[in-house]
Amino acid sequence: VTGVQTCALPISRAFTAPWGEDDALIARRLLPGADLAPEREARVDALARRLILAIRESSTALGGVEDMLREFSLSTREGLALMVLAEALLRVPDAETADALIEDKLGQGDFAHHAAKSDAWLVNASAWALGVSARIIKPGETPEGIVAQLARRIGLPALRTATRQAMRVLGNHFVLGETIGDALSRAGSGERRLQRYSFDMLGEGARTEPDARRYFDAYAKAIEAIGRAAGNAPLPNRPGISVKLSALHPRYEAVSRARVLKELTPRLLELARAAKSHDLNFTVDAEEADRLELSLDVIGATFIDASLRGWDGFGLAVQGYQKRAGAVISFLDELARAKGRRMMVRLVKGAYWDTEIKRAQERGLDGYPVFTRKAMTDLNYIACAEQLMALRPRLYPQFATHNALTVASLIERAGGNHDGFEFQRLHGMGDALYHDLRKAFPDLPCRTYAPVGGHRDLLAYLVRRLLENGANSSFVAASTDDDL
């Protein structure tokens, strides 16, 4: 690919922002602008309450993944053990063998003292490791032992049904299709054909050049398939694709900046050109804080390329739990202004919190690049949302959330102007919330972020979803608790 600009970006400054600013300083800066007039706060509370009651009264409750997390909570030993079994079953290639494994594992009288006949159990399963960190598993307890206790309590038939339910949830609710063809077929059926989609090809963290090439080819083929099925509606009412930079280069790290700019930027530009040819929404997904500056270098060098002139589908994800999120938005606005183009910005709360915290602790740093209290993340998310709304139409906000209070706050802060932004939800989550929201605001667009891939690539994605939504403090856990 020729014509890639890797020189200084056409804006007045490079991206700079404090890496781990003190939470108290940020709170003092953001809190004065967080309050709404009493009548506006009342409208926010009324809408949020209406949405939560609709979730609780829905015949399907939360739907999909949320039902699973509620029925077999990850804050219980049984829920974790069941998830371990379900995740192990995901690695079984056919339904007949999966059924045999269920019968084998659930049919044993005493898992804890029975020699395993199969290596399918994940001894170090991610879900089990999460349980250890949550301090709910006693020393010496194993998934087998917990499942055996559960079988004695509720019976094998019920446990067999629960395991299959977990399998269906993990296989069908987390992932829209194993191939882009399957996903497009499913997205184009029934009521789904009326929705916007952003397809996410599962896979990240390429370790070798063949890995990176395989992911690149998957993205390229997906863009072509999505483009052929996209129809004739104009942007932003068109489907799109989400791309992870870490999937496109095996050395995507700050110390390899020169090599990354030379090798990764042309790959991203080639994919962006393909997306432009179909006028799709093309979103670069967020990575860890260590790679933020590098990500902005690659994104900026791609965005300013002359071959993308006249296309308003390029975008990226910004993480509200990062303390530098507001500075990133200002940087993007300046970049879009300099090129006279619109940029689409997906605002998420974040997906690598545990990693960010652990890395900072390992290095003995004085602070963290992310907030350590949920209230601060929520505060910063709303501040970033208002910043994005004020920068319309140069930036097109895409608000990703399953939290009814956040949704209600954003609708109120939009001031009745529903043009120039959209909401986003994960496939398989937020069904009841967004179903009622669409009834209340038919003109409010919502895009579904839909993972695509086989079970082999599901684990990393699954663990992030479990971390985000299995916590007791999450909206998913709280929204169906009638005592709250």
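All residue numbers here refer to positions counted from 1 along the written sequence of the relevant chain. Totals for whole chains, interfaces and linings use all residues, but because this is a predicted model, local features are given only for residues with pLDDT of at least 70 and pairs of side-chain atoms are given and counted only at 80 or more. Side-chain figures throughout are based on the complete set of non-hydrogen atoms in the structure, without hydrogens or water.

Peer 1: Help me understand the confidence of the model for the protein in this model?
Peer 2: The predicted coordinates of low-pLDDT regions are not to be read in fine detail. Per residue, pLDDT measures the predictor's confidence, with a range of 0 to 100. Averaged over every residue, the pLDDT of the protein is 80; residues scoring 70 or more account for 70%. pLDDT under 50 marks residues 1–7. Its contacts with residues more than four places away, or in other chains, come to 16 contacts. It only takes one pair of heavy atoms within 4.5 Å for two residues to be counted as in contact. pLDDT under 50 marks residues 107–135. Its contacts with residues more than four places away, or in other chains, come to 52 contacts.

Peer 1: Where do I start with empty space enclosed by the protein in this structure?
Peer 2: One simple way to see leftover space: roll a probe sized like a water molecule over the atoms. With a 1 Å grid spanning the protein atoms alone, the term cavity applies to any set of points in which a 1.4 Å probe fits but cannot get out, the term pocket to an open set with protein on both sides within 12 Å along at least five of seven lines, and the term lining residue to any residue with an atom within 4 Å of a point. Grid points are joined across faces, edges and corners, and a volume is the space filled by probe spheres set on the points. Applying the stated rule across the entire model yields three cavities of 30 Å³ or more. Here the largest cavity is characterised by a volume of approximately 170 Å³. Only DSSP runs of H or I with at least four residues qualify as helices, and only runs of E with at least two residues qualify as strands; both kinds are numbered from the N terminus onward. Listed by contribution, the elements that provide at least two residues to the lining of the largest cavity are helix H12 (292–303), strand S4 (314–319) and helix H13 (325–339). Residues are grouped as follows: Ala, Val, Leu, Ile, Met, Phe, Trp, Tyr, Cys and Pro are nonpolar; Asp, Glu, Lys and Arg are charged; every other residue, Gly included, is polar. Here the residues of the lining of the largest cavity sort into 11 nonpolar, three polar and four charged.

Peer 1: I'm lost on the nonpolar core in this one. Help?
Peer 2: The nonpolar side chains of soluble globular proteins are, as a tendency, buried together. Throughout, nonpolar core names a set of buried Ala, Val, Leu, Ile, Met, Phe, Trp, Tyr and Cys residues whose side chains join them through atoms within 4.5 Å. Partly exposed residues are those whose accessible area sits between 20% and 50% of the maximum for their type, while under 20% is buried and over 50% is exposed, using a 1.4 Å probe and protein chains only. Counting 93 residues, the largest nonpolar core has Phe199, Phe282, Phe399 and Phe423 as the members making the most contacts within it. It is helix H11 (residues 257–277) that provides the largest number of residues to this core, a total of nine residues. If near-sequence neighbours (up to four positions away) are discounted, Phe399 is found in contact with Leu347, Tyr381, Ala385, Leu388, Met389, Leu410, Phe421, Glu422, Phe423 and Gln424. Formed by seven residues, the second largest nonpolar core is a distinct cluster that contains Ala27, Leu30, Ala34 and Leu379.

Peer 1: How do you make sense of the sheet that holds strand S1 (residues 196–201) when you look at a structure like this?
Peer 2: Through backbone hydrogen bonds, the strands of a sheet pair up, either in parallel or in antiparallel fashion. Here eight strands make up a closed barrel; going around it, the order is S1-S2-S3-S4-S5-S6-S7-S8 and the pairing parallel. Averaged over all pairs of adjacent strands, the angle between strand axes in this sheet comes to 30 degrees, irrespective of strand direction. DSSP bridges decide pairing: two strands pair if at least two such bridges lie between them. Alignment of strand S7 (residues 422–426) against strand S8 (residues 446–452), held across four bridges, turns out to be parallel. Along S8, the bridge assignment pairs Arg425 with Thr448. Axes here refer to lines fitted to C-alpha atoms; in helices the fit is confined to the stretch in contact. Angles between the N-to-C directions go from 0 to 180 degrees. In the packing of helix H15 (residues 374–390) onto the sheet, contacts are made with strand S5 (343–348) and strand S6 (395–400), and the angle to S6 comes to roughly 150 degrees.

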